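Structure assessment
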Amino acid sequence: MTPEEQAEHEAEIEAARVLFARPATFVLGCAKIEQLPEPDLPEIAFAGRSNVGKSSLINALVGMHKLARASTEPGRTREVNFFDLDGKMRLVDLPGYGWAKASKGEVKRFQNLGRDYLRGRVTLKRVYLLIDARHGLKTVDDEALDALDLSAVSYQIVLTKADKIKPHEGQKVAEATLKAVSKRPAAYPEVLLTSSEKGTGIPELRAAVMRATGTTP
């Protein structure tokens, strides 16, 4: 990276920090597609298995501990939850997948809700698909990847819980993940390695969101 590129990178990281320091509030949880708020702000959505750490990542992005509430029972997020970042954008928490305790009919209902949101949301700028860095992509993730490709929504893989493995192991998982999605039509060609607990990769994710939504502080 040249000195000019480094300076530009640092300026972007700082702008994203200022943007995500703005007040963030919970707007509503939607159990039906008819309940979605008006599509009047750019949105980015978070998807992933029910125990991958979506709530923790959203909280880390906005620097708050309890904006998105993690349930003690994985898979309890069965609505599309909307959070407002000071009128600049909305962060959207999609229902998790990979549930063990929900009935098949119930699983299908909130899977379909997530798919309907992906297909019809004109203000959705990008989906961040969260994958546990300790395990990488699994067969259970294929259905989510297929649904995202089918929806033709730009999505980016974010590896979570990077603090649970050694840095070189995380890098290997990131490289293998990028290779695995390289031929998927809607996948963004970069994988981010993050830790909500340690803050690793959070500034870079904020900057990626700022670029994807075209927002400024």
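First, a word on scope: everything that follows refers to the structure included in this document. (Residues numbered from 1 in each chain as written. Predicted model: local features only at pLDDT ≥ 70, side-chain atom pairs only at ≥ 80, totals over all residues. Heavy atoms only, no water.)

Looking at helix H5 (residues 167-181)
Put simply, the test is: Numbered from the N terminus, helices here are DSSP runs of H or I no shorter than four residues, and strands are runs of E no shorter than two. One less than the residue count of a helix, multiplied by 1.5 Å, gives the span that helix is expected to have. The buried label applies to any residue whose accessible area, calculated with a 1.4 Å probe on protein chains only, is under 20% of its type's maximum; exposed applies above 50%, and partly exposed to all values in between. Directions are taken from the helix axis to each C-beta atom, and the arc is the one they span.
End to end, H5 covers 21 Å across 15 residues, agreeing with the expected 21 Å (1.5 Å per residue, within 8%). Every buried residue belonging to H5 is among Gly170, Val173, Ala174, Thr177 and Val181, and all of these are buried. Looking down the long axis of H5, one finds its buried residues gathered within 105 degrees of arc, a one-sided arrangement. Across from the buried face of H5, at angles greater than 90 degrees, the exposed residues are Lys172 and Lys179.

Description of the packing of helix H1 (residues 3-20) against helix H6 (residues 202-213)
To be explicit about the condition: Angles run from 0 to 180 degrees between N-to-C directions of axes, and those axes are lines fitted to C-alpha atoms, restricted for helices to the stretch in contact. Angles below 35 degrees are treated as roughly parallel, those above 145 as roughly antiparallel, those between 65 and 115 as roughly perpendicular, and all remaining angles as oblique. Throughout, a residue-residue contact means that at least one pair of heavy atoms, one from each residue, lies within 4.5 Å. Residues are grouped as follows: Ala, Val, Leu, Ile, Met, Phe, Trp, Tyr, Cys and Pro are nonpolar; Asp, Glu, Lys and Arg are charged; all remaining types, including Gly, are polar.
Relative to each other, H1 and H6 sit at 85 degrees, their axes nearing to 8 Å. Classified by the interaxial angle, the pair formed by H1 and H6 is roughly perpendicular. For the pair H1 and H6, contact is made by Glu12, Ile13, Ala15, Ala16, Arg17, Leu19 and Phe20 and by Pro203, Glu204, Arg206, Ala207, Val209, Met210 and Arg211, respectively. Considered class by class, the residues forming the contact of H1 with H6 number nine nonpolar, no polar and five charged.

So, the nonpolar core
Rule in force here: Take the buried Ala, Val, Leu, Ile, Met, Phe, Trp, Tyr and Cys residues and link them wherever side-chain atoms come within 4.5 Å; each set so joined is a nonpolar core.
Formed by 31 residues in total, the largest nonpolar core has its most connected members in Leu94, Tyr117, Val127, Leu129, Tyr155, Ile157 and Leu159. When residues of this core are traced back to their parent elements, those giving at least two are strand E2 (43-48), strand E3 (80-85), helix H3 (104-120), strand E5 (124-132), helix H4 (139-151), strand E6 (155-160) and H5. Per-element tally for this core: the top contributor is E5, with four residues. Counting residues in hydrophobic clusters, the runner-up holds 30 residues, among them Leu61, Phe83, Met89 and Tyr128.

Here we look at the packing of aromatic side chains
Convention followed: Only Phe, Tyr and Trp rings are paired, with Trp represented by its six-membered ring, and only when their centres lie within 6.5 Å; those with planes under 30 degrees apart are stacked, over 60 edge-to-face, the remainder tilted. Whether a charge sits over a ring depends on NZ of Lys or CZ of Arg being within 6 Å of the ring centre and within 35 degrees of the ring normal.
Counted under the stated rule, the structure contains three aromatic pairs. Taking the centre distance of 6.0 Å and the plane angle of 80 degrees together, the rings of Phe82 and Tyr117 count as edge-to-face. Of this pair, Phe82 sits in strand E3 while Tyr117 sits in helix H3, placing them 35 residues apart in sequence. Just as Phe82 is buried, Tyr117 falls in that class too. The positively charged end of Arg126 is found above the aromatic ring belonging to Tyr188, 4.1 Å away from the centroid.

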